[in-house]
Amino acid sequence: MSHQTTAECIATIGIDLGKTTFHLIGMDARGRIVLRRKVSRGQLQSCLANLPACLIGMEACAGAHHVGRQLGALGHDVRLLPARYVKPFLKGHKNDYRDAEAIAEAVQRPTMRPVPVKAAEQLDLQALHRVRRRLIGQRTAVINQIRGILLECGIPVRQGPTGLREALPTLLAQRTDVLSARMIHLIEDLTGDWRWLDGRIETLTREIGDLARQDAACQRLMGIPGVGVITASAMVAAVGTGAAFSKGRDFAAWLGLVPKQISTGDRTILGGLSKRGNRYLRTLFVSGAQALLQRPHCWAGHKFGQWLQAAGARLHRNVLAAALANKLARIAWSVLNHMNGYDPEFTPHAV
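**Student:** I would appreciate a short explanation of the overall build of the protein in the present structure.
**Tutor:** For the protein, the count of helices and strands is 14 helices and seven strands. At 26 Å, the protein has a C-alpha radius of gyration far larger than the 20 Å of a compact globule built from 351 residues. Overall, the protein is about 85 × 55 × 45 Å in size when its C-alpha atoms are taken along their principal axes. The burial tally for the protein puts 40% of its 351 residues in the buried class. Summarising the internal contacts of the protein: among those between residues at least 6 apart in sequence, 55% fall at separations of at least 24. Summed over all atoms, the accessible surface of the protein reaches about 19,400 Å², with 52% contributed by carbon and sulfur. Taking the average location of the 46 positive side-chain charges in the protein and that of its 26 negative ones, the two points are 5 Å from each other.

See the structure below:
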């Protein structure tokens with residue numbers, strides 16, 4: 001079979017992504033392998049540019065969105081698949097070609113849910129959030145290390161970073177009876193790291209805020225109670241317009257804000273929160289719900305206020321925060337997907 005005839009037969013291509021080389025498996029409409037090729041990163045576009053438009057599958061991993069945008073510009077139907085959904089299609093021993101074959105098999109399934117290809121602006125915003133989250137984790141580690149060193153010297157400090165920040169100057173100046181000069185110098189260095197991390201986090205927070213105020217979708221989301229600049233921008237960076245979900249309940253389930261279901265036959269068993277999906281975004285929605293619970297005077301101005309008052313009388317505060325976070329996530333999906341502003345009379349039961 002000639003190269004031109006082979007190209008015309010290709011209906012589906014599975015690509016196993018690598019750092020410098022990609023492995024391609026092409027299948028015809030009947031699922032037979034008609035193409036098996038290894039190409040470098042620079043050769044991928046030229047290799048697929050001359051092929052008729054076909055279905056291309058890749059695992060959603062580092063660099064997949066960039067490659068997906070490039071191949072989509074060539075007219076191909078590009079779909080990114082979660083790696084755990086591809087694994088069941090792997091046959092025999094694992095190698096790059098068999099990985100590509102498994103991707104090609106998986107992407108043809110009509111019930112397979114692909115990951116939407118992110119725009120460059122989404123990835124920029126997502127990178128800002130991830131760097132900020134890493135710096136916050138490093139700052140927490142520094143604070144805990146300072147607190148641990150002081151406790152080893154017999155100096156307990158009240159909980160919270162504010163209490164430690166206020167107590168440090170006095171402790172370093174007056175507790176020389178238990179703190180050696182070496183320990184004082186070490187704690188001063190750690191305090192300098194703390195201040196530097198504060199500055200970096202503040203800079204990134206301002207940059208995220210500037211981007212969010214220029215984005216219409218973020219502006220709409222920030223009108224929802226409990227949703228601020230960070231949560232709104234993180235949601236836009238993660239899901240774009242939210243078109244990947246058919247309803248708000250699906251978005252809340254993707255966040256892991258629904259009970260874990262282990263059911264069989266006619267018996268339905270619901271456990272705790274599934275905690276699947278985007279952990280960072282789920283944490284932000286729960287934090288927003290907890291902040292809203294601290295302002296009961298604002299509940300009456302929203303449609304879910306009556307439900308919140310009734311549920312607060314019978315649910316534990318943490319359970320109530322998770323339930324409210326679920327409602328806020330569903331409201332946020334509706335606002336984002338339908339491109340309308342937040343209506344205080346909106347109820348998420350209809351979503």
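**Student:** Quick question: what am I supposed to make of the packing of aromatic side chains here?
**Tutor:** For any pair of aromatic rings, the description consists of the separation of the ring centres together with the inter-plane angle of the planes. Counted according to the given criterion, the structure contains four aromatic pairs. Consider the rings of Phe 245 and Phe 251, whose centres lie 5.5 Å apart with planes at 65°: the pair is edge-to-face. Each member of the pair Phe 245 and Phe 251 is classed as buried. Taking 5.5 Å as the distance between ring centres and 50° as the angle between the ring planes, the aromatic pair formed by Phe 245 and Trp 254 counts as tilted. When its relative accessible area of 13% is taken as the criterion, Phe 245 is described as buried. Assessed through its relative accessible area of 31%, Trp 254 is described here as partly exposed. Taken together, the ring pairs in this structure connect Phe 245, Phe 251, Trp 254 and Phe 285 into an aromatic cluster. Taking the ring centre of Trp 307 as reference, the NZ or CZ of Lys 327 above it sits at 4.5 Å.

**Student:** Would you take a moment to explain the sheet that holds strand β5 (residues 77-81) for this structure?
**Tutor:** Two pairing modes exist for strands in a sheet, parallel and antiparallel, and in both the strands are linked by backbone hydrogen bonds. Taken in spatial order, the five strands make up an open sheet running β3-β2-β1-β4-β5, and their pairing is mixed. The sheet is open, and its two borders are formed by β3 (33-40) and β5, each paired with just one other strand. Ignoring which end each strand starts from, the neighbouring axes of this sheet average 20° apart. Bridge count between strand β2 (residues 21-27) and β3: seven bridges; the pairing is antiparallel. Looking at the pairing, Met 27 lines up with Ile 33 of β3.

**Student:** So what exactly am I meant to see when it comes to the pairing of strand β4 (residues 55-59) here?
**Tutor:** Burial of β4 is extensive: four of the five residues sit out of reach of the surface. Where strand β1 (residues 12-16) and β4 come together, four bridges link them in parallel fashion. By the bridge assignment for β4, Gly 14 is matched with Gly 57. In this view, the connection linking β4 to its parallel neighbour β5 by way of helix α3 (residues 64-73) has right-handed handedness.

Thresholds applied
The numbering scheme is per chain: residues are counted from 1 as the chain's sequence reads. Per-residue local features of the predicted model are confined to residues with pLDDT of at least 70, and side-chain atom pairs are confined, for both listing and counting, to 80 or more; whole-chain, interface and lining totals are unaffected and use all residues. With hydrogens and water set aside, each side-chain value is computed from the structure's full complement of heavy atoms. Numbering of helices and strands runs from the N terminus, with a helix taken as a DSSP run of H or I at least four residues long and a strand as a DSSP run of E at least two residues long. Radius of gyration means the value over C-alpha atoms here, while the globule rule gives 2.2 Å times the residue count to the 0.38 power. Accessible area is worked out with a 1.4 Å probe on protein chains only. A residue is then buried under 20% of its type maximum, exposed over 50%, and partly exposed in between. Any pair of residues with heavy atoms lying within 4.5 Å of one another is described as a contacting pair. Each accessible area is a Shrake-Rupley estimate made with a 1.4 Å probe; only the visible protein chains count as cover when residues are assessed. Charged residues are defined here as Lys and Arg on the positive side and Asp and Glu on the negative side; His and the ends of the chain fall outside this count. Think of each charge as sitting on NZ of Lys, CZ of Arg, CG of Asp or CD of Glu. When two rings of Phe, Tyr or Trp (its six-membered ring) have centres within 6.5 Å they constitute a pair, described as stacked for plane angles under 30 degrees, edge-to-face for angles over 60, and tilted for the intermediate range. A ring is scored as having a charge over it whenever the NZ atom of a lysine or the CZ atom of an arginine sits within 6 Å of its centre and within 35 degrees of its normal. Pairing between strands is defined by DSSP: at least two bridges between the two strands are required. Axes here refer to lines fitted to C-alpha atoms; in helices the fit is confined to the stretch in contact. Angles between the N-to-C directions go from 0 to 180 degrees. When the strands point away from the viewer, a crossover counts as right-handed if the route from the first strand across the helix to the second turns clockwise.

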